[in-house]
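As a plain string of letters, each chain reads:
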Amino acid sequence: MSFQRYDYDVISNWIEPGERILDLGCGDGSLLRYLKERRQVRGYGVENDPERVLACARNGINVIQIDLEQGLAGFDDGFFDHVIMSLSLQAMRNTQGILKEMLRVGHEAVVSFPNFAYWRHRQAILNGHMPVSKNLPYQWYDTPNVRFFTIADFETLCEQEGIAIHERLAFDEDKVIVEEPNFLASVALYRLGRNGSVAG
Amino acid sequence: MTQEQSVGIVVPQTAHFSTPLPLKSGGTLAEYDLVYETYGTLNAARSNAVLVCHALSGSHHVAGRYADGTLGWWDNLVGPGKPLDTERFFVIGVNNLGGCYGSSGPNSINPATGKPWGADFPFVTVEDWVDAQARLADQLGIERFAAVVGGSLGGMQALSWTLQYPDRVAHALVIASAPKLTAQNIAFNEVARQAILKDPEFHGGHYYEHGVVPTRGLALARMVGHITYLSDDAMGQKFGRTLRHEKPVFSYDVEFEIESYLRYQGDKFAGFFDANTYLLTTKALDYYDPAFDYDGDLVAALGRAKADYLVVSFSTDWRFAPSRSREIVYALMHSDRRVSYAEIDCPAGHDSFLLDDAQYHAVLRAYIDNIKL
């Protein structure tokens with residue numbers, strides 16, 4: 001994982017200095033480390049993989065080892081300014097549950113995911129194969145991903161669940177995609193809020 | 001990195017204190033001794049001291065070995081090149097007040113009477129232990145610990161240090177512990193105590209004068225404890241239903257291997273541990289509740305803390321279950337403390353904290369390596 005991932009910049013720009021941040025599926029803690037250096041956040045990561053927990057400990061990142069599928073019981077309502085889930089939502093079984101939990105414990109949620117409807121993925125399907133790409137780097141038989149969805153699907157779910165989309169940025173690699181993101185973007189990042197909350 | 005080594009032969013030391021120590025139970029100890037060991041060297045800045053707090057039956061003998069070969073109880077963790085590296089840190093182990101390994105306790109002489117304290121030794125609490133440890137730190141010239149480390153009841157002391165002396169501890173490692181005991185936990189302690197108190201040779205705690213020891217009660221207490229320190233799976237794997245005579249012989253003598261194990265552990269323990277110390281220490285466990293004065297609000301109780309924390313639990317520990325460690329973690333997080341939490345998948349139950357599980361020791365090493373001196 002590169003330290004200068006373009007999505008880190010986007011997330012960093014959505015965060016005010018000194019915020020309380022929770023990063024779900026934080027990996028080795030490199031995003032939190034980036035945000036700590038760039039935004040002086042007070043950050044905590046959640047991770048359930050023993051190797052990654054160890055990597056966080058080595059990186060000096062606050063990491064809490066729990067299973068996200070069990071939700072965030074024990075986390076107070078509204079304690080965090082931002083709850084982040086970077087490129088992990090597709091690996092969660094309880095999609096609706098975790099989105100709800102993120103917006104319970106955080107004022108805003110930041111979510112990014114690979115867009116399954118990206119044109120190269122569609123092309124792979126048309127050619128008869130499950131897509132394998134930079135953002136979906138696994139074979140069908142060894143992928144940790146359990147939910148396959150598109151930008152359009154995600155926005156339908158947000159509407160259905162009463163989740164307000166405060167901002168969306170879509171990318172093809174590191175290029176911003178404005179037109180037809182569901183076709184042209186490989187990754188989307190969202191800033192989400194509870195419905196009725198004011199867009200910031 | 002230094003190859004893992006032993007600290008070698010160690011010799012305990014004794015510190016005498018003649019300034020009265022006020023106790024949470026109301027009384028004071030006019031004077032007392034603390035027996036302790038140290039490993040490694042205190043640096044010139046006096047910034048590399050680490051205190052290791054012991055659990056129910058532990059002692060000041062944390063690492064290294066005595067001339068007779070007795071190995072320290074956490075020797076796999078503490079030593080040159082080990083996760084708590086004595087090449088870098090000055091590590092201290094101390095026997096708590098009320099103990100039976102040389103620090104003032106029920107089996108030591110009450111200076112006021114010239115006889116063993118016995119049941120007259122005052123109730124001591126986790127907070128009292130920490131106060132006494134702080135005086136030892138004063139005597140050793142340690143203003144601030146780089147870390148205070150403990151498992152189980154020792155973890156409660158580590159947590160308490162950060163609340164009683166927030167400016168004197170940089171990091172607390174709270175392992176296989178809990179913010180307070182559950183009713184079930186107190187219940188196990190009460191069975192253990194009743195076994196001792198009801199032993200005819202207990203003599204109201206003054207058995208020393210009668211030249212006897214309530215070994216039957218103490219052994220029973222230890223047997224109950226041992227059941228709770230192991231997981232169902234670990235016990236099943238180790239002993240199963242193995243019969244000594246291969247088939248039932250319809251007797252109350254040892255038939256199942258688990259019976260043999262428990263009796264052996266109980267008798268061995270009763271041969272060296274002091275029954276009054278067992279009673280006092282289980283009560284200290286029961287009473288520990290830092291949130292008690294804050295209407296049960298642990299976040300409020302932790303408001304004073306300034307330390308950073310590592311909390312560790314073990315998946316099969318049901319005596320101090322992972323959920324109890326998570327209570328500490330969430331309360332620390334909601335108090336804006338820096339905290340990391342690892343839940344180690346280890347089959348050995350509560351006793352896991354004494355083992356050298358690879359993931360467990362790797363996490364401790366990673367955290368400790370990041371401690372700045």
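Analysis parameters
Residues numbered from 1 in each chain as written. Chains lettered and ligands numbered in written order. Predicted model: local features only at pLDDT ≥ 70, side-chain atom pairs only at ≥ 80, totals over all residues. Heavy atoms only, no water. Helix = DSSP H or I, 4+ residues; strand = E, 2+ residues; numbered from the N terminus. Contact = heavy atoms within 4.5 Å. Axes fitted to C-alpha atoms, helices over the stretch in contact; angles between N-to-C directions. Parallel < 35°, antiparallel > 145°, perpendicular 65-115°, else oblique. Left-handed = near helix turned anticlockwise from the far one by under 90°. Nonpolar A, V, L, I, M, F, W, Y, C, P; charged D, E, K, R; others polar. 1 Å grid on protein atoms, 1.4 Å probe; cavity = no way out; pocket = protein on both sides within 12 Å on 5 of 7 lines; lining within 4 Å. Points joined across faces, edges and corners; volume = space filled by probe spheres on them. Buried area = accessible area lost by both parts, 1.4 Å probe. Salt bridge = Lys/Arg side-chain N within 4 Å of Asp/Glu carboxyl O.

Caption draft 1: Looking closely at the side chain of Ser160(B). By the secondary structure assignment, Ser160(B) is in helix H2 (residues 153–164). Once you skip the residues sitting within four places of it in the chain, Ser160(B) turns out to touch Val126(B), Glu127(B), Val130(B) and Tyr288(B).

Caption draft 2: Seen up close, the packing of helix H3 (residues 50–58) of chain A against helix H10 (residues 358–369) of chain B. One way to put it is that H3(A) packs onto H10(B) with a least axis distance of 8 Å and a crossing angle of 20 degrees. Taken together, the axes of H3(A) and H10(B) lie roughly parallel to each other. Helix-helix and strand crossings are classified by hand; for H3(A) and H10(B) the assignment is left-handed. Two secondary-structure elements touch here, H3(A) through Pro50(A), Leu54(A), Ala57(A) and Arg58(A) and H10(B) through Gln359(B), Ala362(B), Val363(B) and Ala366(B). Residues of the contact of H3(A) with H10(B), tallied by class, amount to six nonpolar, one polar and one charged.

Caption draft 3: Just the layout of surface pockets, in detail. All names here are of chain B. Considering only enclosed or pocket space, the second largest pocket measures out at about 950 Å³ in volume. For the second largest pocket, the lining is made up of 45 residues, of which Ser 57, Trp 73, Arg 222, Asp 351 and Leu 354 are closest to its centre. Taken together, the elements giving at least two residues each to the lining of the second largest pocket come down to helix H3 (183–197), helix H4 (215–229), helix H5 (232–238), helix H6 (257–270) and helix H7 (275–287). With six residues, H4 is the single largest residue contributor to the lining of the second largest pocket. Of the residues that constitute the lining of the second largest pocket, the class distribution is 25 nonpolar, 14 polar and six charged.

Caption draft 4: Broad picture of the interface of chain A and chain B. Tallying the contact residues gives 23 residues for chain A and 18 residues for chain B. Of the roughly 1800 Å² buried at the junction of chain A and chain B (both faces included), carbon and sulfur atoms supply 51%. The largest share of the area that chain A buries against chain B comes from Tyr44(A), Asn62(A) and Gln65(A), three residues that together contribute 25% of it. Where chain A packs against chain B, one counts two salt bridges.

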